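Fold and geometry: a report
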Amino acid sequence: VQLQAYGGGLVQAGGSLGLSCAASGSIFSINNMGWYRQAPGKERELVARITNGGNTNYADSVKGRFSISRDNAKNTVYLQMNSLKPEDTAVYYCNAYVVSYVSRRDYWGQGTEVTVSS
């Protein structure tokens, strides 16, 4: 099983950016999918998470600005980031709890960098 993240880049404060992450491989089902981020010198933190039923939760710092969604048919999770702030600058990692035919465990994407300039 692999998670491949797309998107990221450089954007000015107040701008928008979208991320996507597709899971591939021998997947039976995917439970939670989510996005985490890690800024330089800081620990990795949860940004947003979505269950396979569509329930979501967000970090307080991104509520009202970020939106997570998923396409179960494509095993893909999305993160739409609006009204970006310099403090959103970080490497963003997608995460999925995957039930495969041989295991059930968390998988992580390779990380994609988001830089917000002031």
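As the structure is a prediction and not an experimental result, all values here were calculated from the model.

**Quick look at the pattern of salt bridges**
Across all of its chains, the model carries four salt bridges by this definition. Residues E45 and R37 are paired through a salt bridge, measuring 2.8 Å at the closest nitrogen-oxygen approach. Residue classification places R37 among the buried positions, given a relative accessible area of 6%. Between R65 and D88 there is a salt bridge, with the nearest N and O atoms lying 2.8 Å from each other. Remark: D88 occurs in the loop between β8 (76-81) and β9 (90-100) and R65 occurs in the loop between β6 (56-58) and β7 (66-71); sequence separation between them is 23 residues. A residue is classified by how much of its surface remains accessible, and D88, at 0% relative accessible area, is buried.

**Brief notes about the environment of T115**
Residue position: T115 is located in strand β11 (residues 112-117). Among the residues examined, T115 registers a relative accessible area of 29% and is labelled partly exposed. A C-alpha to C-alpha distance of 6.1 Å links T115 and G9, two positions 106 residues apart in sequence. Those residues in contact with T115 that sit more than four places away from it in its chain are G9, L10, V11 and T89.

**A closer look at the packing of aromatic side chains**
Counted according to the given criterion, the structure contains two aromatic pairs. Pairing Y36 with W108 gives two aromatic rings, centres 5.0 Å apart and planes at 65°, and the pair type is edge-to-face. Placement of the pair is Y36 in strand β4 (residues 27-38) and W108 in strand β10 (residues 104-108), with a sequence separation of 72 residues. The buried category is assigned to Y36, whose relative accessible area is 17%. Positioned above the aromatic ring of W108, the side-chain terminus of R44 is 4.7 Å from the ring centre.

**Side note on the sheet that holds strand β3 (residues 17-24)**
Here four strands make up an open sheet; going across it, the order is β1-β3-β8-β7 and the pairing antiparallel. With one partner strand each, in any of the chains shown, β1 (2-7) and β7 form the two edges of the open sheet. The average undirected angle you get between the axes of adjacent strands in this sheet is 15°. Bridge count for β7 against β8 is six bridges, and the pairing is antiparallel. From the neighbouring strand, D71 faces β8, where its bridge partner is T76.

Cut-offs and rules
- Residues numbered from 1 in each chain as written.
- Predicted model: local features only at pLDDT ≥ 70, side-chain atom pairs only at ≥ 80, totals over all residues.
- Heavy atoms only, no water.
- Salt bridge = Lys/Arg side-chain N within 4 Å of Asp/Glu carboxyl O.
- Buried < 20%, exposed > 50% of the residue type's maximum accessible area, 1.4 Å probe, protein only.
- Helix = DSSP H or I, 4+ residues; strand = E, 2+ residues; numbered from the N terminus.
- Contact = heavy atoms within 4.5 Å.
- Phe/Tyr/Trp six-rings, centres within 6.5 Å; stacked < 30°, edge-to-face > 60°.
- Lys NZ or Arg CZ within 6 Å of the ring centre and 35° of its normal.
- Pairing = 2+ DSSP bridges.
- Axes fitted to C-alpha atoms, helices over the stretch in contact; angles between N-to-C directions.

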